[in-house]
Amino acid sequence: MAYWLLKSEADSYGWDDLVRDGATEWDGVRNAAAAKHLRTMAVGDHALFYHSGKDKAAVGIATITRAARADGDDGRWVSVQIAPDRPLARALTLAAMKGEARLADLPMLRQSRLSVSPVGEAEWAVLMAMAET
């Protein structure tokens, strides 16, 4: 299993929207690095659902329910399907993530504009511990 972080503007499509819908197509990603990550995702992988914009916090965990398929006609872009797993007991703010030394190499913190990024197993464990305390 792999772990990911997916960013979305809460005002455009937030965690509550995903819970209401029960699943969604994670499409419209038009960045080559983010698309590469989408292609790597497998059914059963988990992703932090992160509210960008004013909230700047991970609020839930989603599960990848369908691997990558074409998004558009040119073949460059892909989408995956996700479903809500569970909300985090405590939102993980960007400030809290930046303040945790064990997350210094988290790709989301190094490439803040990337909408889809990997999370290492050790980093995932730290994030889950932070969300539970």
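Up top is the structure.
Residues numbered from 1 in each chain as written. Predicted model: local features only at pLDDT ≥ 70, side-chain atom pairs only at ≥ 80, totals over all residues. Heavy atoms only, no water.

Trainee: How would you explain the overall build of the protein chain if you had to name every residue and give the values?
Mentor: When helices and strands are counted, the protein chain shows five helices and six strands. Computed over C-alpha atoms, the radius of gyration of the protein chain comes to 14 Å, within 12% of the 14 Å expected from 2.2 N^0.38 for 133 residues, which places it in the range of a compact globule. Over its C-alpha atoms, taken along the principal directions, the protein chain stretches across nearly 45 × 30 × 30 Å. Counting only residues that meet the buried cut, the protein chain has 47% of its 133 residues in that class. Within the protein chain, counting contacts between residues at least 6 apart in sequence, those at least 24 apart form 66% of the total. Taking the average location of the 16 positive side-chain charges in the protein chain and that of its 18 negative ones, the two points are 5 Å from each other. (Helix = DSSP H or I, 4+ residues; strand = E, 2+ residues; numbered from the N terminus. Rg over C-alpha atoms; globule rule 2.2 N^0.38 Å. Buried < 20%, exposed > 50% of the residue type's maximum accessible area, 1.4 Å probe, protein only. Contact = heavy atoms within 4.5 Å. Lys, Arg positive; Asp, Glu negative; His and termini not counted. Charge placed at Lys NZ, Arg CZ, Asp CG, Glu CD.)

Trainee: Quick one: what's the story with the side chain of Ser79, residue by residue and with numbers?
Mentor: When you line up the elements, Ser79 lands in strand β5 (residues 78-93). Setting aside its immediate chain neighbours within four residues, Ser79 contacts Glu25, Trp26, Asp27, Arg66, Ala67, Ala68, Arg69, Ala70 and Asp71.

Trainee: Describe the environment of Ser8, and please don't skip the residues or the numbers.
Mentor: Its location among the elements puts Ser8 in strand β1 (residues 3-9). Residues Ser8 and Pro84, spaced 76 residues apart in sequence, show a C-alpha to C-alpha distance of 14 Å. Not counting residues up to four positions away in its chain, the partners in contact with Ser8 are Tyr13, Trp26, Phe49, Tyr50, His51 and Ser52.

Trainee: Hey, could you go over helix α2 (residues 32-40) for me, with residue numbers and the actual values?
Mentor: Every buried residue of α2 is listed here: Ala34, Ala35, His37 and Leu38. Buried positions in α2, seen along its axis, are confined to an arc of 155° and lie on one side of it. Opposite the packed face of α2, turned more than 90 degrees from it, sit the exposed residues Ala32 and Lys36. In this fold, the buried residues of α2 make contact with β1, β2 (24-26), β4 (57-70), β5 and β6 (116-119). Its side-chain oxygen placed 2.9 Å from the backbone nitrogen of Ala33, Asn31 serves as the N-cap of α2. (Arc of directions from axis to C-beta. Polar contact = N/O pair within 3.5 Å; in protein donor to acceptor, adjacent residues only side chain to side chain.)

Trainee: Pulling in residues and values, what's your account of the sheet that holds β5?
Mentor: Two strands in a sheet stick together by hydrogen bonds in their backbones, pointing the same way (parallel) or opposite ways (antiparallel). The sheet built from six strands is open, its strands ordered β2-β5-β4-β3-β1-β6 with mixed pairing. Edge positions in the open sheet fall to β2 and β6, since each of these has one partner strand only. Put simply, the sheet's adjacent strands are angled 40° from each other on average, direction ignored. Each of β1, β2, β4, β5 and β6 touches α2; the most contacted strand, β6, lies at about 55° to it. (Pairing = 2+ DSSP bridges. Axes fitted to C-alpha atoms, helices over the stretch in contact; angles between N-to-C directions.)

Trainee: For the pairing of β5, give the residues involved together with the corresponding values.
Mentor: Bridge analysis of β2 against β5 gives three bridges, and the strand direction is antiparallel. Bridge assignment links Glu25 to a residue of β5, and that residue is Gln81. Where β4 lies against β5, ten bridges are found, and the strand directions are antiparallel. Looking across to β5, one finds that Ala70 is bridged to Val78.

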